[in-house]
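# Coordinate analysis (summary)
Below are the chains, spelled out letter by letter.
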Amino acid sequence: MKLHREGTAILIGCLILFAIATGILHYFFPVYGFYFALPLWILYGFIVWFFRNPIRESHSSENCVIAPVDGKVVVLEEVFESEFLNQKCIQLSIFMTPLNVHVTRYPVNGKVIYSKYHPGKFLVAFHPKSSELNERTTVVVENADHTKILFRQIAGAVARRIVCYSKENDDAVAGKEYGFIKFGSRVDIFLPLDTEINVKVGDKTKGGIQKIAQLK
């Protein structure tokens, strides 16, 4: 287990702030200052836990689709993807709570052929229109069979910061990190209609490890 680099500034800043606050409380309340400061350190423990970055090794075949994040499947339906693919696809959406690991990982192997950031709203992440209206990033990977897989990081009502490291012409390796979402949100994946899906709505996913679909 290690901590994600996106949390470095926040963790250092909170450590300094909470230490100063604890010192002030202890100065004015020598007996009970520690107890008054305890909630701050419980909060700090949660922040440390949020930025955890577990080391995970993916053992996938070329046509496997790996879960990009930890979370719960909330959408599994046929839709028309209009940003890049311009065709009907299977949309598979995974919702993350603040307690989930928030590292986002490539779901497939291939070459990044499209990467774009979209400013937008901050509707709750399970809102049907959040995939189209919320702040988001879109990445498309083309695999060795020339199949194109589109996936999105989507900000939510709590998540106000999404980070995407993926750039066009990057090599995508299934299970490897390509971004981070701070404080809860969701990831959408758009798959070909003939894809064999291995999960259903309500299932929990394990990012970087679990095989959630098989491309034909």
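Residues numbered from 1 in each chain as written. Predicted model: local features only at pLDDT ≥ 70, side-chain atom pairs only at ≥ 80, totals over all residues. Heavy atoms only, no water.

A count of helical and extended segments in the chain gives 3 helices and 16 strands. With the principal axes as the frame, the chain shows a C-alpha extent of 65 × 35 × 30 Å. Put simply, 71% of the contacts in the chain that link residues at least 6 apart link residues at least 24 apart. Of the roughly 10800 Å² that the chain leaves accessible, carbon and sulfur atoms contribute 62%. For the chain, the separation between the mean place of its 25 positive charges and that of its 20 negative charges on side chains is 7 Å. (Helix = DSSP H or I, 4+ residues; strand = E, 2+ residues; numbered from the N terminus. Contact = heavy atoms within 4.5 Å. Areas by Shrake-Rupley, 256 points an atom, 1.4 Å probe, with all protein chains shown as cover. Lys, Arg positive; Asp, Glu negative; His and termini not counted. Charge placed at Lys NZ, Arg CZ, Asp CG, Glu CD.)

With 18 residues, helix α2 (residues 33-50) extends 26 Å between its outermost C-alpha atoms, agreeing within 8% with the 26 Å of an ideal straight helix rising 1.5 Å per residue. Where α2 bends most, the angle comes to about 30°, and this point is proline 39. The set of residues buried in α2 consists of Gly33, Ala37, Tyr44, Ile47 and Phe50. Buried positions along α2 lie against α1 (8-28), β2 (52-53) and β12 (177-182). (Expected span 1.5 Å × (residues − 1). Bend = angle between axes of the 7 residues up to and from the residue. Buried < 20%, exposed > 50% of the residue type's maximum accessible area, 1.4 Å probe, protein only.)

Attention now goes to the pattern of salt bridges. Counted according to the given criterion, the structure contains 10 salt bridges. A salt bridge links arginine 5 to glutamate 177; the nearest nitrogen and oxygen atoms lie 3.7 Å apart. Of this pair, arginine 5 sits in the loop between β1 (2-3) and α1 while glutamate 177 is found in strand β12, placing the two residues 172 residues apart along the sequence. Arginine 5 gets classed as exposed once you look at its relative accessible area, which sits at 53%. With a closest N to O distance of 3.2 Å, lysine 200 and aspartate 203 form a salt bridge. Counted as one network, the salt bridges with shared partners bring together Glu81, Glu83 and Arg152. (Salt bridge = Lys/Arg side-chain N within 4 Å of Asp/Glu carboxyl O.)

Taken from the UniProt record, the annotation "modified residue: Pyruvic acid (Ser)" (unreviewed entry) applies to Ser185. Turning to its location among the elements, serine 185 is positioned in strand β13 (residues 185-191). Overall, serine 185 belongs to the buried group, its relative accessible area being 0%. (UniProt positions renumbered as here; feature names shortened; annotations may be inferred.)

Under the definition given, this model contains 13 aromatic pairs. Taking 6.1 Å as the distance between ring centres and 75° as the angle between the ring planes, the aromatic pair formed by phenylalanine 18 and tyrosine 44 counts as edge-to-face. With phenylalanine 18 in helix α1 and tyrosine 44 in helix α2, this residue pair connects regions lying 26 residues apart in the sequence. Since its relative accessible area comes to 7%, phenylalanine 18 is described here as buried. (Phe/Tyr/Trp six-rings, centres within 6.5 Å; stacked < 30°, edge-to-face > 60°.)

Quick look at the layout of surface pockets now. Looking at the second largest pocket, its volume works out to about 160 Å³. Along the walls of the second largest pocket sit Lys2, Asn53, Pro54, Ile55, Arg56, Glu57, Arg105, Gly175, Lys176 and Glu177, which together make up its complete lining. Class assignment for the residues of the lining of the second largest pocket results in 2 nonpolar, 2 polar and 6 charged. (1 Å grid on protein atoms, 1.4 Å probe; cavity = no way out; pocket = protein on both sides within 12 Å on 5 of 7 lines; lining within 4 Å. Points joined across faces, edges and corners; volume = space filled by probe spheres on them. Nonpolar A, V, L, I, M, F, W, Y, C, P; charged D, E, K, R; others polar.)

The nonpolar side chains of a soluble globular protein tend to be buried with one another. Residues Val65, Tyr106, Val141, Ile149, Phe151, Leu191 and Ile212 are the most contacted members of the largest nonpolar core, which totals 27 residues. Sorting the residues of this core by element identifies β5 (87-96), β8 (136-142), β9 (148-155), β12, β13 and β16 (211-214) as the ones contributing at least two each. Broken down by element, the residue count for this core peaks at 4 residues, all from β5. Leave out the neighbours within four places in its chain, and valine 141 touches Tyr106, Val108, Asn109, Gly110, Lys111, Val112, Thr147, Lys148, Ile149, Phe151 and Ala172. (Core = buried A, V, L, I, M, F, W, Y, C linked by side-chain atoms within 4.5 Å.)

Right, let's get into α1. Over its 21 residues, α1 extends 31 Å from the first C-alpha to the last, a length consistent with the 30 Å expected when each residue adds 1.5 Å. All buried positions along α1 are accounted for by Leu11, Cys14, Phe18 and Thr22. Buried residues along α1 cover an arc of 65° about the axis, so they all sit on one side. Of the exposed residues in α1, the ones pointing more than 90 degrees away from its buried face are Ala9, Leu17, Tyr27 and Phe28. Residues of α1 that are buried make contact with β1 and α2. (Arc of directions from axis to C-beta.)

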